[in-house]
Amino acid sequence: MGHALNTVLQDILSRWKRMSGYKVLWLPGTDHAGIATQNVVEKQLASEGLDRHKLGRDVFIKRVWKWKAEYGGKIIHQLKRLGASCDWSKERFTLDEGLSKAVREVFVRLYEEGFIYRDNRLINWCPRCNTALSDLEVEYEELEGKLTYIKYPLTPLTPPLLRGGEKGGYITVATTRPETILGDTAVAVNPEDSRYQKFIGKTANLPLTDRTILIISDHAVDPSFGTGAVKVTPAHDFNDEAIAKKQNPPLEFITVIGSDGRMTVNAGNRYKGLDRYECRKLVIKDLKELNLIEKEELYKYAVGHCYRCKTITEPLSTPQWYVNVQSFAKDAIRAVKEERINIIPKTWENTYFAWMEDIKDWCISRQIWWGHRIPVWYCQKMLNAKCKMQNGVIVSRVAPQICPYCESEELIQDEDVLDTWFSSALWPFSTLGWPDNTDDLKIFYPTSVLVTGFDIIFFWVARMIMMGLKFMGDVPFRDVYIHALIRDLKGHKMSKSKGNVVDPLIMIDRYGTDAFRFTLAAFAAQGRDIKFSEERVEGYRHFVNKLWNAARFIMMNIKAESENRRIGESENSPFHRVSVPPCPIRDGTPYWPSDLASKWILSRLAAIADDINRALEEYRFNDAASSIYQFIWHEFCDWYLEMTKSELQDPKSEIGVRWCLLYTLDTSLRLLHPFMPFVTEEIWQTIPHVKSHLPETEEVRPPTQPSPSRGEGKGGGGNSELRPQIGNESGIKESIMVSDYPKSLPRDYQAEEDMSYIIEAVMGIRTIRGELNISPSFKLKVMIKTFTQMAEKILKGNMQYLKNLAKAGEIKIGMNIEKPECSATSVKSSMEIYVPLKGVLNIAAEVDRLKKEEAKVDVSIVSLNKKLFNEDFLQRAPREIVDKEKAKYEELIIIKRRIMESIKMLKDVEVRNDS
RNA sequence: AGGCGCGUAGCUCAGUGGGAGAGCGCUUCCUUGACACGGAAGAGGUCAGGGGUUCGAUACCCCUCGUGCCUACCA
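Please read these numbers as outputs of a predicted model, since none were measured by experiment.

**Q** Can you explain the overall build of chain A? Please cite residues and give values.
**A** If you tally the helices and strands in chain A, you get 29 helices and 31 strands. Considering only contacts within chain A whose residues lie at least 6 apart along the sequence, 75% involve residues at least 24 apart.

So this is what it looks like as structure tokens:
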């Protein structure tokens with residue numbers, strides 16, 4: 001699900017920018033996921049009774065490639081099913097030759113410049129994967145364990161004397177890992193701790209061994225924890241390692257646990273070969289028998305686990321390769337501080353800075369086989385002390401044939417491979433051909449945006465920034481958009497072991513890619529995790545259906561040449577590549593939709609296009625998604641399509657309305673396309689295409705020139721220029737995904753305002769109907785009265801609409817333009833509904849009239865402004881705010897309470913038809 | 001232990017220093033030639049709690065409670 005979200009967001013950006021005229025590169029690919037992949041293949045081998053050592057390195061790697069061929073393909077298949085519009089010709093894999101070349105180049109240069117070095121120190125080790133892990137690859141998890149208090153007898157007391165339990169004869173330490181006492185080389189106390197002053201410098205007998213250890217002091221010891229005395233095991237604990245190295249001379253390192261998680265010979269004959277946890281049990285049993293355990297307490301503590309196989313990790317002292325990243329980190333911090341890179345949402349910058357400022361050297365070697373083998377060779381003779389090579393290694397871009405020091409041909413390559421993230425860190429430039437200075441590199445580096453989850457800010461993002469700055473001298477990307485993590489409905493992270501994983505492909509099978517994509521986009525609010533809900537997907541599937549049906553309605557009404565074709569039959573549809581002129585022409589004159597509804601929907605369309613562009617600019621995917629959803633469903637379908645049903649009856653407005661229907665559909669499809677690529681393409685391929693721009697005003701455009709490409713035999717008929725024209729007019733593109741993204745369309749604020757009154761009036765009527773239970777099939781007489789000049793103006797502007805209503809038999813209309821009043825009376829009913837749009841009503845007089853006459857309803861649009869009854873507000877709020885509120889109030893004359901009274905009044909009046 | 005975030009309608013979540021929103025669910029009504037995967041009208045919230053700033057706080061500040069995550073060398 002995380003990958004699906006990631007893919008969808010990137011695809012939305014890619015499609016949007018591509019349609020907006022940018023040259024877009026979205027480069028797909030995968031990394032080789034060293035440890036994880038090796039583990040999977042090893043499991044397969046195990047089920048066949050094999051292991052990698054039996055196969056040998058070369059055969060094993062072939063086997064992994066085979067696996068990769070199968071599953072790498074699945075990833076790509078999933079991307080395609082999600083509709084990812086990647087440049088598939090540029091697909092890359094971190095183990096490709098080109099990328100491997102970049103890896104070797106980077107390694108050698110970092111080594112030559114002294115940033116890469118080899119060191120023997122404590123490292124996190126996974127005993128199951130048998131490899132070193134970087135600090136990031138260890139996950140800490142709280143475990144319920146025991147804190148065991150163990151008594152170390154002070155020398156010169158000897159074990160036989162101890163059985164008496166003399167007081168003061170011990171120093172007691174607390175530990176969660178009793179088995180490690182076999183590797184203890186000291187006991188440490190805080191130098192300020194008065195209890196232990198007298199012990200410092202003395203020695204103690206290490207139980208279960210014949211060794212004597214020193215009691216030392218170190219400020220790192222917390223006197224308040226446990227007994228205030230700590231056993232020091234330098235070879236198996238990071239703290240203890242630090243303490244040991246500080247001592248002069250440094251404490252001895254005794255390794256008692258081996259790389260396989262079993263006790264070594266150093267643990268003594270009784271314990272060697274035992275698993276570390278078996279050994280723990282035995283050690284506790286033995287100590288109990290010696291009466292050296294003071295007590296055991298239940299204790300919660302964090303234990304490191306391998307992030308790939310969940311085995312408990314073990315600190316182990318081994319030689320590994322490291323990158324000194326201190327100076328890179330400083331540059332990387334500066335790049336973000338100076339806003340050459342923007343992390344969005346900005347709150348993640350803190351996380352980034354915190355980690356970067358306290359960054360540790362990066363352990364890059366892994367003791368596995370699947371990955372980039374470290375480009376380091378050793379001379380066999382040197383190992384036998386017969387070669388004079390000083391630093392002991394040959395670091396080279398290509399495999400050396402002979403030792404440069406002794407000319408021996410017996411060279412051995414380092415067995416280890418590099419951390420997968422080492423190659424991933426180079427991705428932004430290695431995939432574009434670096435170290436060669438290719439055209440792609442020149443055009444596309446630095447890239448525009450990286451979209452990713454926060455869980456790999458450190459693993460990947462930070463390292464790409466460091467490597468990009470180091471090797472390209474520029475940031476790898478301008479924006480980093482950090483999207484949310486997808487959780488299940490209870491807010492838990494999805495994981496296979498919890499069984500709460502939702503498979504995107506199942507969602508796609510069930511609801512379709514478009515609905516699934518739209519859901520992800522709608523969920524992608526910044527700065528919050530996503531709790532995935534399947535019902536949302538279902539809801540957006542309904543949206544796809546709604547759009548489909550709206551398109552069907554429009555196709556039914558554009559009166560193209562063949563009425564029998566339905567949308568969805570795009571293959572041989574006569575509508576395929578049909579085009580209509582940018583504006584319908586009649587007798588050489590452009591015929592723009594002049595009805596209010598059309599002007600309104602065009603303006604709303606323009607507003608929504610602006611909203612979407614702005615939202616995407618700021619990575620507010622959810623806002624963009626809800627804008628287009630709201631527009632298509634609740635403005636275009638609920639209002640405009642319904643209104644056209646009467647407008648289409650009017651020969652005067654018919655042509656303009658048809659054009660407007662098609663234009664709005666076309667534009668909406670293009671707006672929606674980045675979110676729902678499949679259904680929008682399908683519909684768009686079916687409908688006649690419309691040019692994307694509108695004229696600023698009533699500008700007269702030249703009549704369309706007849707051209708040879710136009711009217712492929714289908715354009716006949718006297719009035720044909722009024723109809724959608726068949727043909728492949730120039731400028732019409734082949735696919736919606738390369739059509740123009742709608743932008744900067746003209747607004748008509750007057751139409752929007754006027755229409756809002758109509759909508760309010762209609763809603764008022766519906767409310768009355770609903771509350772009075774008037775059957776929808778019962779046609780009402782409607783009387784519309786206006787009381788102000790503004791209302792008059794509105795009605796004048798909407799005469800066309802009202803006339804159409806009248807024509808449809810719904811109302812009779814009468815209007816006196818001279819006086820600010822008009823009325824419309826329905827055909828059948830005697831009921832009248834007043835719709836006062838503006839102005840002051842004499843309520844009392846109205847009520848009297850209501851009583852005398854037949855049923856009438858006073859519909860109100862306004863609510864009371866409470867603020868204007870607040871003395872404090874009137875006296876103390878800033879003048880302009882108060883004035884604004886007053887002005888608002890003056891506009892809003894009719895009060896909600898009055899409506900309700902009127903309605904109550906109505907209920908007392910005799911109303912026909914069960915009301 | 002530090003840090004970050006969240007707590008708004010039954011559920012999943014937007015949002016804003018001045019009129020509490022969406023989707024789903026729920027109630028009522030409606031199969032009229034795009035759509036019942038639909039249309040119309042509704043019910044439902046002291047915006048976690050307390051204090052402060054302000055003429056005014058769901059929003060800004062502080063505290064408490066609940067909850068999720070990240071980081072860290074707690075034996």
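Back to the text.
**Q** So what about the environment of Ser-735? Which residues, and what values?
**A** Locating Ser-735 in the fold gives a position in the loop between strand E27 (725-726) and helix H23 (749-771). Separated by 54 residues in sequence, Ser-735 and Glu-681 place their C-alpha atoms 7.1 Å apart. Excluding residues within four positions of it along the chain, Ser-735 makes contact with Glu-681, Trp-684 and Gln-685. A polar contact is formed between the side chain of Ser-735 and the side chain of Glu-681, at a distance of 2.6 Å.

**Q** I'd like a description of the pairing of strand E5 (residues 138-153), backed by residues and values.
**A** Bridging between E5 and strand E11 (residues 293-306) involves 13 bridges; their strand directions are antiparallel. Across the sheet, the residue bridging to Glu-144 is Lys-300, located in E11. Pairing analysis gives 6 bridges linking E5 to strand E6 (residues 170-175), with the strands arranged antiparallel. If you follow Tyr-152 over to E6, its bridge partner there is Ile-171.

**Q** Run through the sheet that holds E5, naming residues and quoting values.
**A** Strand order in the open sheet formed by 3 strands is E6-E5-E11, with antiparallel pairing between adjacent strands. Looking at the sheet topology across the chains shown, the edges are occupied by E6 and E11. Within the sheet, the average angular offset between the axes of one strand and its neighbour, ignoring direction, is 20°. On the sheet, helix H8 (residues 276-289) packs against E5 and E11 and is oriented at approximately 165° with respect to E11.

**Q** I'd like a rundown of the pattern of salt bridges, residues and numbers included.
**A** Across all of its chains, the model carries 46 salt bridges by this definition. Where Glu-278 meets Lys-281, a salt bridge forms, and the shortest distance between an N and an O atom there is 3.9 Å. Highlighted residues: Glu-278 and Lys-281, both in helix H8, separated by 3 residues, approximately one helical turn. Lys-281 gets classed as exposed once you look at its relative accessible area, which sits at 57%. In this structure, the salt-bridge partner of Glu-752 is Arg-604, at a minimum N-O distance of 3.2 Å. Residue Glu-752 is found in helix H23, and its partner Arg-604 is found in helix H19 (residues 596-617); the two are separated by 148 residues along the sequence. The exposure class assigned to Glu-752 is buried, which follows from its relative accessible area of 13%.

**Q** Provide a residue-level description of the packing of helix H16 (residues 504-511) against helix H17 (residues 513-523), including the pertinent values.
**A** As a packed pair, H16 and H17 sit with axes 7 Å apart at the nearest point and diverge in direction by 125°. Taken as axis vectors, H16 and H17 run oblique relative to one another. Of the residues in H17, those touching H16 at Pro-504, Met-507, Ile-508 and Tyr-511 are Thr-513, Ala-515 and Phe-516. Tallied by class, residues from the contact of H16 with H17 come to 6 nonpolar, 1 polar and no charged.

**Q** Tell me about the sheet that holds strand E3 (residues 116-126), residues and numbers included.
**A** Each strand in a sheet pairs with another by means of backbone hydrogen bonds, the pair being arranged parallel or else antiparallel. Across the sheet, 4 strands lie side by side as E4-E3-E12-E14; this open sheet has antiparallel pairing. The open sheet has two free edges, formed respectively by strand E4 (131-133) and strand E14 (362-363), since each of these has just one partner strand. Two strands pair when backbone bridges link them, and E3 and strand E12 (residues 314-323) are joined in this way by 10 bridges, in the antiparallel orientation. The residue bridging Asn-120 from the neighbouring strand is Pro-319, located in E12.

**Q** An account of the pairing of E6 is needed here, citing residue identities and associated values.
**A** Among the 6 residues in E6, 6 count as buried, and that is most of the element. Residues Tyr-170, Thr-172 and Ala-174 point to one face of E6 and Ile-171, Val-173 and Thr-175 to the other, with burial holding for every one of them.

**Q** Just give me the short version of the packing of H17 against helix H20 (residues 621-647), but keep the residues and values in it.
**A** Axis separation between H17 and H20 bottoms out at 6 Å; the angle between their running directions is 125°. For the element pair H17 / H20, the angle class is oblique. Across from Phe-518, Ala-521 and Ala-522 in H17, the residues of H20 making contact are Phe-621, Asn-622, Ala-625, Ile-628 and Tyr-629. Of the residues that constitute the contact of H17 with H20, the class distribution is 7 nonpolar, 1 polar and no charged.

Thresholds, definitions, all that
Residues numbered from 1 in each chain as written. Chains lettered and ligands numbered in written order. Predicted model: local features only at pLDDT ≥ 70, side-chain atom pairs only at ≥ 80, totals over all residues. Heavy atoms only, no water. Helix = DSSP H or I, 4+ residues; strand = E, 2+ residues; numbered from the N terminus. Contact = heavy atoms within 4.5 Å. Polar contact = N/O pair within 3.5 Å; in protein donor to acceptor, adjacent residues only side chain to side chain. Pairing = 2+ DSSP bridges. Axes fitted to C-alpha atoms, helices over the stretch in contact; angles between N-to-C directions. Salt bridge = Lys/Arg side-chain N within 4 Å of Asp/Glu carboxyl O. Buried < 20%, exposed > 50% of the residue type's maximum accessible area, 1.4 Å probe, protein only. Parallel < 35°, antiparallel > 145°, perpendicular 65-115°, else oblique. Nonpolar A, V, L, I, M, F, W, Y, C, P; charged D, E, K, R; others polar.

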